[in-house]
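# Examination of the molecular architecture
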Amino acid sequence: MTDPHHSDVSSSGSNNTLTKVARWANLSNSVATPALVRPSGAAAAGSRAGANESVPSKFLIDISAARFIGLVLLAAAVSLALALYADFTVADSRNFGKKRTLLALAVLFFGGSGVGFMLPAAGQLPAGLVRWLAVRLDALLRFAIVAAQVAGIVLVMRWFRIESPVFHGSIALLVLGGFVIHHALPMRLRLPFFALLSMAGIVTVFGSSGGAWLIGLGLGLIAICHLPIAFAARVTLLVAAGAVLAALRGQFLPSTVPQAIWPILASMFMFRLILYVYDLKHSKEPAGAARTLSYFFLLPNVAFPLFPVIDFATFRRTYYDRDALQIYHAGVRWMLVGLTHLLAYRVVYQYLTIPAGEVSNGLELARYMTATFLLYLKVSGQFHLIVGILHLFGFRLPESHRFFYLASSFTDFWRRINIYWKDFMTKVFYYPVFFQLRRRGETFALVVSTLLVFFVTWALHSYQWYWLLGSVLLSWPDALFWGILAVLLVANSLREARYGRKRQLGRTLPPVRESIRHGFAVAGTVATICILWSLWSSHTVGAWFNLWGAARIGVAQIVIAAVAFTSAALLVAAGHQAVARLQRPGNTAVRRSGQVPSLAFNALWLLALMVLGSPVVSARTSASVQEFARDLRVDKLNRADADLLHRGYYENLTGVNQFNSRLWEAYAKQPSDWQKIWNTEAMRNTDDFRKWEVAPLVGILFNGTTLRTNRWGMRDQNYELTRPADTYRIVLTGASFAMGQGVNDHESFEQLVEERLNAGLENAPDRYEILNFGVPNYSPIQQLLLLESKGFDFNPQAIFVIGHPYDTHLSNTHIARMFSSGIAMPYAYLDSVIVAAGLSREMTFDEMTRRLLPYRNDIVRWSLKEIVASSWRRGVHPVWVFVTTPEVPTPPADIRMLIEAASDAGFTMIDVSDAYGTVSDEELRLAPWDAHPNARAHGLIADRLYRALVDEGMLDRIRTAPAGTSTGG
């Protein structure tokens, strides 16, 4: 074979020469390596020697500058091309315009200039320089392809709003820009640059003050690790510092530290600090300042409180330990896997999950438990995305999860799921204890070490929860989950120790019998994990047992479940056979294990995601496809978690004792001083079925807004009891959004509409008054009681009942709450419902709501009919205004039922559910942890309601309608 260093390459620039140059570029590792890997040590010395042999030293500085300039220009061209593509896709491509023309010209200019810098005339350069340029150009073009893929992934993440706005709006862009610059830098500057980029991400997210606190506290912890004192003393100081920080986190000590930084600070240091100190003790190699800062302040960590526990030794060992482009391609692949998992999670979260209170048969129970385990796709997706991003900066970290839904035993499950945590537990706790106890017997050491690992896992899980949410997670479901899993794992480990693990390395095709056995083992393991996961996700053990009690399991359901289980096992068995056939020795159809997937595979995968997420593509599909695409693009709470968030706000519940729910993220972001309205003087108890009411003559500062009430207990002006002459009076009822909870006085849609009616209708004969009787969490039954006890006393001509999708749930929960408290029902109809549902006060709240579920629609229909009848008896025109609020998902069937119930009851109907238009939920709600509409949302509701009343003539029809008739709508 010809030595590539001495290939016959002339300087004539002929086609034959160019062909040889291209061949030489593909074969020469000694020249290509510095541009892609630039390894340290002996490898680096050899690479530099190879490069110096091929290129005269007098050309090195000039060519390096040309490469840098060309790379910057090409990177600018790639970025502008993506911007042009996004502009064409989001906007109307038929409207070309000057802006797009200039943008396209800029792409051509920068791209052409970049290539021009990298392509001097071959005939004017020495042969060695031609070869050097060819290799550099080849590397540059291949890197440009990777950069374009990363840019495409960032665009997809922005389209799908992957994770938080902090991530897809800020950190993702830092990743893209930082990746290009990082690769262009010399190796010695890359780690310092990554550390600075990570800190810039912290400041971007938390601002200068919050960022300074987070970085400063982190630097203090790192400094303790390197104090010139005994190791035990350093560990003691770290424990003491952690205790002080924990006291500050729980607000047991006065502090000016921003509360928002605690989850991220803890995510960076609470586990990685253990590994860092461990490796400082056992490693003789200095850590290095840049590497240490990069390890703790990892760029994506600022957007992900849940973060893989990265081992410091692995972090240091895998940094650019292979070809750079190979590492980048692997990173692109893991990012695509992460995106796929996160999108699959959204499908499961929105379409497969059901509230625990709606489980009524065996199939629904199986669906509930399966969906609960499938929700772990969120964690898996986040970890894949994080690891992929770190690959882009040279950290060739191992995979975080490995087909954990195909685990064939409990030990196999432990090895496959959250591999970083398993390695952390094994390194720091399992091996030290196992080898200490080994002299007392292998079995004893294995059992004790495994049980210790799971005890520590449970304890650290609660410790992590404290830092994320500010409260310690100590619950029986959590303890039982880890305890049962530990026992199962010990039993499995003992069995493997006795009989050994079956390995198939180097084996021929396994017998079909063995594949079938493997399939049933996988199905049984996953089914057991689903059951355990549902226990872990339950609020209490009693609630979990109630699930089984509520599921009426019949013979037909058992047969269906058995068929599904067998089908799943046989499907896995078929896959097991297929994979074994492909992996047989000598089969060249499959790439060698560990080889990076092809560029074409990554590109096709990315293209599929871009087509799925493109607004233009979805706009040209059917309504159902558009709705599905919208659900994928909007990361919102599903109906079950929206209900928990609602109940948590009013009943001091959290219901977030698992990692696989999106709800905990909302609570993790909630400031500790965010008030609940029940804990303020604005509300008071009534000791009757209404439960609570707005207190009169209150003026408070509520979550940064002013909240004042009048002498009648309304959040409104101080109206007289008697209606003034020449005044058209409307009484408005509803829940918290009707009251205007979360916005300032005079910002609620009710007050905005009243002001516009009186300001815009100067020639109208009457003045308009809208009396706001909205009360947080009021169901239609409570609104009926409020109208009869107070609202009708103000002699209104009309009532506006502000309907909301959540009305279908409020009545059930309130009846159960009042019945369990011993409060008498105010209407005979409600007594009949309680008897029909078979309620008893010994039941749990969840069991009561489950039994009331079949009567939910009837209760709503009865309530609305009673409001209409009570209104017409007093000569008051009943109007039902349908409003939606951000992030309260309700099945379309429930919404249809609610609208039909209001119409059948005889209300005049006004639908303003389209008030928000295309504005996203993120821009309309008060905060991620509070779904009440903000001032902007109230303004949009007011605009739409005013148009319906005035422009569409509803107000005139309401005023002129004969008593006892509906005007439609």
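Residues numbered from 1 in each chain as written. Predicted model: local features only at pLDDT ≥ 70, side-chain atom pairs only at ≥ 80, totals over all residues. Heavy atoms only, no water.

### Digging into the overall build of the protein
Counting its regular elements, the protein contains 38 helices and 11 strands. When each of the 969 residues of the protein is scored for burial, the buried share is 54%. The long-range share in the protein, meaning contacts at least 24 apart out of those at least 6 apart in sequence, stands at 74%. (Helix = DSSP H or I, 4+ residues; strand = E, 2+ residues; numbered from the N terminus. Buried < 20%, exposed > 50% of the residue type's maximum accessible area, 1.4 Å probe, protein only. Contact = heavy atoms within 4.5 Å.)

### Structural notes on the pattern of salt bridges
This structure, assessed with the given rule, holds 26 salt bridges. In this structure, the salt-bridge partner of E399 is R402, at a minimum N-O distance of 2.7 Å. According to the relative accessible area criterion, E399 is partly exposed, its value standing at 21%. Of the charged contacts, one joins D943 and R756 as a salt bridge, the two residues approaching to 2.7 Å between their closest N and O atoms. Of this pair, D943 sits in helix α37 (residues 935-951) while R756 sits in helix α30 (residues 749-760), placing them 187 residues apart in sequence. Relative accessible area serves as the criterion here: at 34%, R756 is assigned to the partly exposed category. Taken together, the shared-partner salt bridges connect R684, D688, R690, E693 and K790 into one network. (Salt bridge = Lys/Arg side-chain N within 4 Å of Asp/Glu carboxyl O.)

### Observations concerning the packing of aromatic side chains
Two aromatic rings, taken as a pair, are described by how far apart their centres are and by the angle between their planes. Going through the model one piece at a time under the given rule, you end up with 56 aromatic pairs. Geometrically, the ring pair formed by Y276 and F312 is edge-to-face, given 5.0 Å between the ring centres and 80 degrees between the ring planes. On the criterion of sequence distance, the pair formed by Y276 in helix α11 (residues 272-282) and F312 in helix α13 (residues 312-317) is long-range, its members being 36 residues apart. Accessibility classification places Y276 together with F312 in one group, the buried group. (Phe/Tyr/Trp six-rings, centres within 6.5 Å; stacked < 30°, edge-to-face > 60°.)

### Considerations on the packing of helix α35 (residues 856-873) against helix α36 (residues 892-905)
Contact geometry for α35 and α36: axes closest at 8 Å, N-to-C directions at 30 degrees. Considered as vectors, α35 and α36 are oriented roughly parallel to each other. In this structure, α35 meets α36 at a crossing whose hand is right-handed. Along the contact surface, α35 presents R856, N857, V860, R861, L864, K865 and V868, while α36 presents D894, M897, L898, E900, A901, A902, D904 and A905. A breakdown of the residues in the contact of α35 with α36 according to their chemical character gives eight nonpolar, one polar and six charged. (Axes fitted to C-alpha atoms, helices over the stretch in contact; angles between N-to-C directions. Parallel < 35°, antiparallel > 145°, perpendicular 65-115°, else oblique. Left-handed = near helix turned anticlockwise from the far one by under 90°. Nonpolar A, V, L, I, M, F, W, Y, C, P; charged D, E, K, R; others polar.)

### Overview of the nonpolar core
Within the largest apolar cluster, 144 residues are counted, with the highest numbers of intra-cluster contacts made by M157, F297 and F393. By size, the runner-up hydrophobic cluster in this structure holds 60 residues, among which are A682, V698, M739 and I834. (Core = buried A, V, L, I, M, F, W, Y, C linked by side-chain atoms within 4.5 Å.)

### Topic: the sheet that holds strand β6 (residues 767-772)
Pairing within the open sheet is parallel, and its five strands lie in the order β6-β5-β7-β8-β9. At either margin of the open sheet sits one strand with a lone partner, and together these are β6 and β9 (908-911). Put simply, the sheet's adjacent strands are angled 25 degrees from each other on average, direction ignored. Pairing between strand β7 (residues 798-803) and strand β8 (residues 877-882): six bridges, direction parallel. Paired with I799 across the strands is P878, a residue of β8. (Pairing = 2+ DSSP bridges.)

### Describing a nonpolar patch on the surface
A surface patch of nonpolar side chains, amounting to about 400 Å² of accessible area, comprises V512, I516, F520, F565 and L570. At the level of secondary structure, the elements contributing two or more residues to the nonpolar patch comprise α21 (512-536) and α23 (555-582). Per-element accounting of the nonpolar patch gives the leading share, three residues, to α21. (Patch = residues over 30% accessible without salt bridge, like charges linked within 9 Å, V, L, I, M, F, W, Y side chains within 5 Å. Areas by Shrake-Rupley, 256 points an atom, 1.4 Å probe, with all protein chains shown as cover.)

### Observations concerning the pairing of strand β11 (residues 930-933)
Burial along β11 is two-sided: D930 and H932 and A931 and P933, pointing in opposite directions, are all buried. Turn length for the strand β10 (residues 925-927)-β11 hairpin, with the two strands adjacent in sequence and antiparallel, is two residues.

### What about helix α19 (residues 442-469)?
Spanning 28 residues, α19 covers 40 Å between terminal C-alpha atoms, matching the ideal 40 Å at 1.5 Å per step. Positive phi appears at G470, one or two residues downstream of α19, with a value of about 85 degrees. (Expected span 1.5 Å × (residues − 1).)

### Observations concerning unusual backbone geometry
Positive phi, close to 60 degrees, is recorded for E163, a residue that is not glycine. Backbone geometry at H746 places phi at a positive 70 degrees, although glycine is not the residue there. With respect to the helices and strands, H746 occurs in the loop between α29 (736-739) and α30.

### Some points on the packing of helix α7 (residues 165-184) against helix α8 (residues 187-225)
Packing of α7 against α8 leaves a shortest axis separation of 11 Å and a crossing angle of 160 degrees. In terms of orientation, α7 and α8 fall into the roughly antiparallel class. In this structure, α7 crosses over α8, and the sense of that crossing is right-handed. Taking contact as the criterion, the partners of V166, S170, I171, L174, G178, I181, H182 and H183 in α7 are, on α8, R190, F193, F194, L197, G201, T204 and V205. Broken down by class, the residue content of the contact of α7 with α8 amounts to eight nonpolar, six polar and one charged.

### Structural notes on the side chain of R316
Assignment of secondary structure puts R316 in helix α13. The buried charged residue R316 lacks any salt bridge, with E285 as its nearest oppositely charged partner at 4.1 Å. In this structure the side chain of R316 is engaged in a polar contact, spanning 3.1 Å, whose partner is the side chain of S283. The residues contacting R316, other than those within four sequence positions of it, are S283, E285, P286, A287 and R291. (Lys, Arg positive; Asp, Glu negative; His and termini not counted. Polar contact = N/O pair within 3.5 Å; in protein donor to acceptor, adjacent residues only side chain to side chain.)

### Digging into the confidence of the model for the protein
Overall, the predicted model of the protein reaches an average pLDDT of 81, with 78% of residues at or above 70. The least confident element of the protein, judged by mean pLDDT, is helix α2 (residues 29-36) at 32; the most confident is helix α12 (residues 289-296) at 96. Note that residues 1-63 has pLDDT below 50 and, in this model, 81 contacts with residues that lie over four places away or in other chains. Below pLDDT 50 for its whole length, residues 590-597 participates in eight contacts with residues either more than four positions away or in separate chains. (pLDDT = per-residue confidence, 0-100.)

### What about the environment of P398?
Structurally, the position occupied by P398 is in the loop between α16 (377-391) and α17 (410-416). Along the primary structure P398 and I310 are separated by 88 residues, whereas in three dimensions their C-alpha atoms are 9.6 Å apart. Contact partners of P398, with chain neighbours within four places excluded, come to T314, V387 and Y420.

### Observations regarding the environment of G331
Following the sequence through the fold, G331 ends up in helix α14 (residues 324-352). Among the residues examined, G331 registers a relative accessible area of 0% and is labelled buried. In this structure the C-alpha to C-alpha distance between G331 and G394, which are 63 residues apart in sequence, comes to 9.2 Å.

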